[in-house]
Amino acid sequence: MAPTALSERLKQSVTKHALRSYLAEFISTFFYVFAVVGSSMASRKLMPEMAANPSGLVIVAVANAFALSSTVYIAANISGGHVNPAVTFAKAVGGHISVLTALFYWVSQMLASVMACLVLKVTTVGQVVPTYTIAQEMTGFGASILEALLTFALVYTVYAAGDPKRGAMGSIGPLAIGMIAGANVLATGPFSGGSMNPASAFGSAIVAGSFRNQAVYWVGPLAGAAVAGLVYDNVVFPAQTPPDSTLRGISDGIGL
């Protein structure tokens with residue numbers, strides 16, 4: 001039975017619709033990372049002392065909010081608009097998508113992030129690609145907790161925005177997701193960078209060749225996302241019927 005079930009899951013993960021979902025995730029994640037990392041590079045270009053200038057933080061927060069709202073919106077009806085491995089992880093833990101499908105989502109998101117950062121590096125003629133860093137006075141554990149809390153808020157908003165029990169959200173759902181992301185960056189940018197997205201942190205680290213504190217941007221967001229999904233699904237708004245563990249979640253709801 002196990003080989004048969006695995007074969008069936010594999011077939012479901014490589015259907016035409018599933019491949020469209022992976023492509024949608026690639027495109028959305030590419031443009032999200034391009035805008036977020038690019039905005040940081042642009043602010044550094046205009047303001048070499050950006051670390052001491054609050055306007056640099058505002059630029060990145062606004063770019064994060066705008067880019068996330070747009071990229072979630074364009075992919076929502078195809079892939080669910082995850083644009084974030086943490087969201088995909090929460091959906092897999094909650095049984096909304098299969099583990100195999102989640103892995104394909106992750107591959108699409110990681111490749112997109114690396115490609116976006118490579119394009120930025122090449123087209124800006126060797127400008128330094130910034131990586132997410134934590135403040136000197138913070139520990140890795142503290143930064144992980146902070147990223148977990150930020151991602152909890154983000155993924156909880158994702159679940160609320162895409163909940164069919166709340167009725168059709170239209171463009172308001174993606175806007176709400178973008179707004180909470182921008183607010184989180186404004187609140188914690190100087191401390192942990194306000195990543196909330198392992199793909200964004202991974203892509204910039206690969207291209208920059210610096211993996212310092214990279215675990216912070218995986219452990220924290222994945223833990224916070226999983227808890228947010230479980231709390232929403234099982235405590236705050238429990239589903240009337242058990243979630244389907246097949247590919248139902250590929251285009252189910254709105255994600256980040």
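Residues numbered from 1 in each chain as written. Predicted model: local features only at pLDDT ≥ 70, side-chain atom pairs only at ≥ 80, totals over all residues. Heavy atoms only, no water.

Asks: What is the right way to read the overall build of the protein chain from this model?
Replies: Counting its secondary structure elements, the protein chain contains nine helices and zero strands. What you see in the protein chain, going N to C, is helices and strands ordered as α-α-α-α-α-α-α-α-α. Burial analysis of the protein chain (256 residues in total) assigns 49% to the buried set. On the protein chain, roughly 11800 Å² of surface is accessible, and the fraction owed to carbon and sulfur atoms is 71%. (Helix = DSSP H or I, 4+ residues; strand = E, 2+ residues; numbered from the N terminus. Buried < 20%, exposed > 50% of the residue type's maximum accessible area, 1.4 Å probe, protein only. Areas by Shrake-Rupley, 256 points an atom, 1.4 Å probe, with all protein chains shown as cover.)

Asks: What is the right way to look at the nonpolar core in this model?
Replies: Nonpolar side chains in soluble globular proteins tend to be buried together. Within the largest apolar cluster, 42 residues are counted, with the highest numbers of intra-cluster contacts made by Tyr 32, Val 37, Leu 68, Val 155 and Ile 177. Among the elements of the structure, α2 (16–46), α3 (54–75), α4 (85–93), α5 (99–123), α6 (140–161), α7 (172–192), α8 (198–208) and α9 (216–236) are those that each provide at least two residues to this core. Here this core gets eight residues from one element, more than from any other, and that element is α6. (Core = buried A, V, L, I, M, F, W, Y, C linked by side-chain atoms within 4.5 Å.)

Asks: Whenever I open this one, the packing of aromatic side chains confuses me. Can you help?
Replies: Aromatic ring pairs are reported here in terms of the distance separating the ring centres and the angle at which the planes meet. Summed over the entire model, instances satisfying the criterion amount to 12 aromatic pairs. With a centroid separation of 5.3 Å and an interplanar angle of 75°, the aromatic rings of Tyr 156 and Tyr 232 are classed as edge-to-face. Of this pair, Tyr 156 sits in helix α6 while Tyr 232 is found in helix α9, placing the two residues 76 residues apart along the sequence. Here Tyr 156 falls in the partly exposed class, since its relative accessible area comes to 24%. You can call Tyr 232 buried: its relative accessible area is 2%. Measuring from centroid to centroid gives 5.8 Å for Tyr 159 and Tyr 232, while their planes differ by 55°, and the two rings are tilted. Taken together, the residues Tyr 159 in helix α6 and Tyr 232 in helix α9 connect sequence positions 73 residues apart. Each member of the aromatic cluster is reached from another via a ring pair, and the members are Phe 26, Phe 30, Phe 31 and Phe 34. One residue, Lys 91, lies across the ring of Tyr 159, its end atom 4.4 Å from the ring centre. (Phe/Tyr/Trp six-rings, centres within 6.5 Å; stacked < 30°, edge-to-face > 60°. Lys NZ or Arg CZ within 6 Å of the ring centre and 35° of its normal.)

Asks: Where do I start with the side chain of Ser 79 in this structure?
Replies: Among the structural elements, Ser 79 can be located in the loop between α3 and α4. Using a relative accessible area of 0% as the deciding quantity, one classes Ser 79 as buried. Separated by 2.6 Å, the side chains of Ser 79 and Glu 25 make a polar contact. (Polar contact = N/O pair within 3.5 Å; in protein donor to acceptor, adjacent residues only side chain to side chain.)

Asks: Help me out: how do you make sense of a nonpolar patch on the surface in this one?
Replies: Together, Leu 23, Ile 27, Phe 31, Tyr 73 and Ile 74 line one region of the surface with nonpolar side chains, adding up to about 510 Å² of accessible area. Looking at the nonpolar patch, the element that brings in the most residues is α2, giving three residues. For Tyr 73, the location among the structural elements is in helix α3. (Patch = residues over 30% accessible without salt bridge, like charges linked within 9 Å, V, L, I, M, F, W, Y side chains within 5 Å. Salt bridge = Lys/Arg side-chain N within 4 Å of Asp/Glu carboxyl O.)

Asks: Would you mind going over the UniProt feature "transmembrane region" (unreviewed entry) in the protein chain with me for this structure?
Replies: When the UniProt feature table is mapped onto this chain, "transmembrane region" (unreviewed entry) is found at residues 22–43, 55–76, 96–120, 141–162 and 168–187. Secondary structure content for residues 55–76 is 95% helix and 0% strand, while the C-alpha to C-alpha distance between its ends is 31 Å. Helix makes up 95% of residues 141–162 and strand 0%, and the two end C-alpha atoms of the span are 31 Å apart. (UniProt positions renumbered as here; feature names shortened; annotations may be inferred.)

Asks: Just to check I follow, could you spell out unusual backbone geometry for this structure?
Replies: For residues besides glycine, phi is generally negative; the peptide bonds are generally trans as well. At Val 83, a residue that is not glycine, the phi angle is positive and equals roughly 55°. Structurally, Val 83 is set in the loop between α3 and α4. In this structure, Asn 213 takes a positive phi of about 60° despite not being glycine. Residue Asn 213 is classed as partly exposed on the basis of its relative accessible area, which comes to 29%.

Asks: Teacher, can you tell me more about the packing of α4 against α5 here?
Replies: Contact geometry of α4 with α5 gives a least axis separation of 10 Å together with a crossing angle of 180°. Between α4 and α5, the crossing angle belongs to the class labelled roughly antiparallel. Contact with α4, carried on its side by Pro 85, Thr 88, Phe 89 and Ala 92, involves Ala 102, Tyr 105, Trp 106, Gln 109 and Met 110 of α5 and no other residues of that element. The residue inventory of the contact of α4 with α5, partitioned by class, reads seven nonpolar, two polar and no charged. (Axes fitted to C-alpha atoms, helices over the stretch in contact; angles between N-to-C directions. Parallel < 35°, antiparallel > 145°, perpendicular 65-115°, else oblique. Contact = heavy atoms within 4.5 Å. Nonpolar A, V, L, I, M, F, W, Y, C, P; charged D, E, K, R; others polar.)

Asks: Just checking my understanding: could you explain the confidence of the model for the protein chain for this structure?
Replies: Interpretation of the predicted coordinates at a detailed level should be avoided for regions scoring low in pLDDT. When pLDDT is averaged along the protein chain, the result is 88; 86% of the residues meet or exceed 70. When pLDDT is averaged over each helix and strand of the protein chain, the minimum, 65, is found for helix α1 (residues 2–13) and the maximum, 97, for α4. Counting interchain partners and residues more than four positions distant, the pLDDT-below-50 stretch residues 242–249 has 25 contacts. (pLDDT = per-residue confidence, 0-100.)

Asks: Sorry if this is basic, but what is going on with the packing of α5 against α8 here?
Replies: In a pair of packed helices, the angle between the axes and the distance between the axes together describe the arrangement. At a minimum axis separation of 8 Å, α5 and α8 run at an interaxial angle of 45°. Taken together, the axes of α5 and α8 lie oblique to each other. Here α5 and α8 pass one another in a crossing that is right-handed. Across the interface between the two elements, Gln 109, Met 110, Ser 113, Val 114, Cys 117, Leu 118 and Lys 121 from α5 touch Pro 198, Ala 199, Ser 200, Phe 202, Gly 203, Ser 204, Ile 206 and Val 207 from α8. Tallied by class, the residues present in the contact of α5 with α8 amount to nine nonpolar, five polar and one charged. (Left-handed = near helix turned anticlockwise from the far one by under 90°.)

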